[in-house]
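One letter stands for each residue in the lines below.
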Amino acid sequence: MFVDSHCHLDRLDKTPEELSEILNFARNRGVEHFLCVSVSVKDFPAMLATVKHFNDVSVSCGVHPLHQEDACSYNELLQMADSDDVVAIGETGLDYFYSAETKAVQLTSFVEHIKVANKLNKPLIIHTRDAREDTINLLKEHKAPSTKGVLHCFTESWEMAQAAIELGMYISISGIVTFKTATELQEVVKKVPLDKLLIETDSPWLAPVPYRGKPNQPGFVREVGEFIAELKGITVDELAKVTTENFYRLFDIK
């Protein structure tokens, strides 16, 4: 069975009935759990209300680095994330590709997310793009040794993946890996240890081949898993089993 370790179900822009159909499609394709990831604390209550009645959907709480207009204080984030409903902090991180001009507020936000994760003993969900050095350095400086996490939708170098793994991070791969242009990422994925690997859709964005250009959805995580299994020379069942076990271990979901 598969897990979609990172999706944005509240961003699919679907009615409750349509969302139920989308999740049923995924379940019928062997996806047994979904992590709905927050990008804005302001929108978190509505996100939680959208998914709370699904027993196989977990949630995170945080502010995406490209949503700094919704930035919140350490205390605000701590209060909202200190709930049994919340299994992770984020997504947080740094994005200098799209929003280098907000670097200062991104850095502050990321550090506060790390400190909340330390305080609550919950894993971090990290978005990083064109910010390799700062991402690793801030984790080294501020993350508690016991705090784990994941670099989601990873598209960076093997050297960064290694540094993150040494800091207790997992590496999560999205449908980007299936793109013809993703040859460098494919080589990185071959090197990521199986016990540090997760798979995701990041839906509704980044649909894998053969759905590229269409709205993404959690059921398409199967294509991500099938592609990675072939890259790593293992069976799809083995890839699904290991990444699912990794997911439950990282996010402490029973």
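Check the entry above for the structure.
How each quantity is defined
- Here the residue numbers are simple positions, counted from 1 along each chain's written sequence.
- pLDDT decides what is reported in this predicted model: residues at 70 or higher carry local features, side-chain atom pairs at 80 or more are listed and counted, and totals for whole chains, interfaces and linings draw on all residues regardless.
- Only heavy atoms go into the side-chain values, all of them from the structure, while hydrogens and water stay out.
- Every case where a carboxyl oxygen of Asp or Glu lies within 4 Å of a side-chain nitrogen of Lys or Arg is listed as a salt bridge.
- Working definition: helices are DSSP H or I runs of at least four residues, strands are E runs of at least two. Numbering for both runs from the N terminus.
- Note on exposure labels: buried denotes an accessible area under 20% of the residue type's maximum, exposed denotes more than 50%, and partly exposed covers the range between, all computed with a 1.4 Å probe on protein chains only.
- Pairing of N or O atoms within 3.5 Å defines a polar contact, subject to two protein rules: one partner must be a possible hydrogen donor and the other a possible acceptor, and residues neighboring in sequence count only if both atoms are side-chain atoms.
- Contacts are assigned to residue pairs with any non-hydrogen atoms lying within 4.5 Å of each other.
- Ring pairs are drawn from Phe, Tyr and Trp, using the six-membered ring of Trp, whenever the two centres fall within 6.5 Å, and their geometry is named by plane angle: stacked under 30 degrees, edge-to-face over 60, tilted for the rest.
- Comment: arc refers to directions from the helix axis out to C-beta atoms.
- Seen with its strands pointing away from the viewer, a crossover is right-handed when the path leading from the first strand over the helix to the second is clockwise.

Participant: With reference to specific residues and values, describe the pattern of salt bridges.
Facilitator: Within this structure, the stated rule accounts for 12 salt bridges. For Glu223, the salt bridge goes to Arg29, with nearest N and O atoms at 2.7 Å. Pair noted here: Glu223 is in helix α9 (residues 221-232) and Arg29 is in the loop between α1 (16-28) and β2 (31-36), with a separation of 194 residues, a long-range link. For the pair Glu223 and Arg29, a shared accessibility class is recorded, and that class is buried. Among the ionic pairs, Lys103 bridges to Asp134, the shortest N-O distance being 3.8 Å. On the criterion of sequence distance, the pair formed by Lys103 in helix α5 (residues 103-120) and Asp134 in helix α6 (residues 132-142) is long-range, its members being 31 residues apart. Salt bridges here are not isolated pairs; linked through shared partners, they connect Asp10, Arg11, Lys42 and Asp43.

Participant: So what about the side chain of Thr128? Which residues, and what values?
Facilitator: Looking at the secondary structure, you find Thr128 in strand β5 (residues 124-129). Given the relative accessible area of 8%, Thr128 is considered buried. A distance of 2.9 Å separates a polar atom in the side chain of Thr128 from a polar atom in the side chain of Thr135. Those residues in contact with Thr128 that sit more than four places away from it in its chain are Leu94, Thr135, Leu151, Glu156 and Met160.

Participant: Requested: an account of the environment of Pro145, with residues and values cited.
Facilitator: In this fold, Pro145 is placed in the loop between α6 and β6 (149-151). When the C-alpha positions of Pro145 and Lys52 are compared, they lie 31 Å apart, and in sequence the two are 93 residues distant.

Participant: Quick rundown of the environment of Ala161? Include the residues and the values.
Facilitator: Residue placement: Ala161 occurs in helix α7 (residues 158-166). When the C-alpha positions of Ala161 and Ile171 are compared, they lie 7.0 Å apart, and in sequence the two are 10 residues distant.

Participant: Provide a residue-level description of the packing of aromatic side chains, including the pertinent values.
Facilitator: With the rule as written, the count across this model stands at five aromatic pairs. Measuring from centroid to centroid gives 6.3 Å for Phe25 and Phe220, while their planes differ by 90°, and the two rings are edge-to-face. Taken as a pair, Phe25 in helix α1 and Phe220 in the loop between β8 (197-199) and α9 lie far apart in primary sequence, 195 residues in all. Residue classification places Phe25 among the partly exposed residues on the basis of a relative accessible area of 35%. Here Tyr211 and Phe220 contribute two aromatic rings whose centre-to-centre distance is 3.7 Å and whose plane-to-plane angle is 5°, an arrangement assigned as stacked. Here the two residues Tyr211 and Phe220 agree in accessibility, since each one is buried. Chaining the aromatic ring pairs together yields one cluster made of Phe25, Tyr211 and Phe220.

Participant: Can you tell me about helix α2 (residues 44-51), naming the residues and giving the values?
Facilitator: Buried within α2 we find Phe44, Met47, Leu48 and Val51. Buried residues of α2, seen end-on, are gathered within an arc of 100° and therefore sit on one face of the element. Residues of α2 that are buried make contact with β2, β3 (57-61), α3 (74-81) and β4 (86-95).

Participant: Now, about the pairing of strand β1 (residues 2-7): what can you tell me, with residues and values included?
Facilitator: Most of β1 is tucked away: six of the six residues are buried. The β-α-β motif built from β1, the intervening α1 and the parallel element β2 has right-handed crossover chirality.

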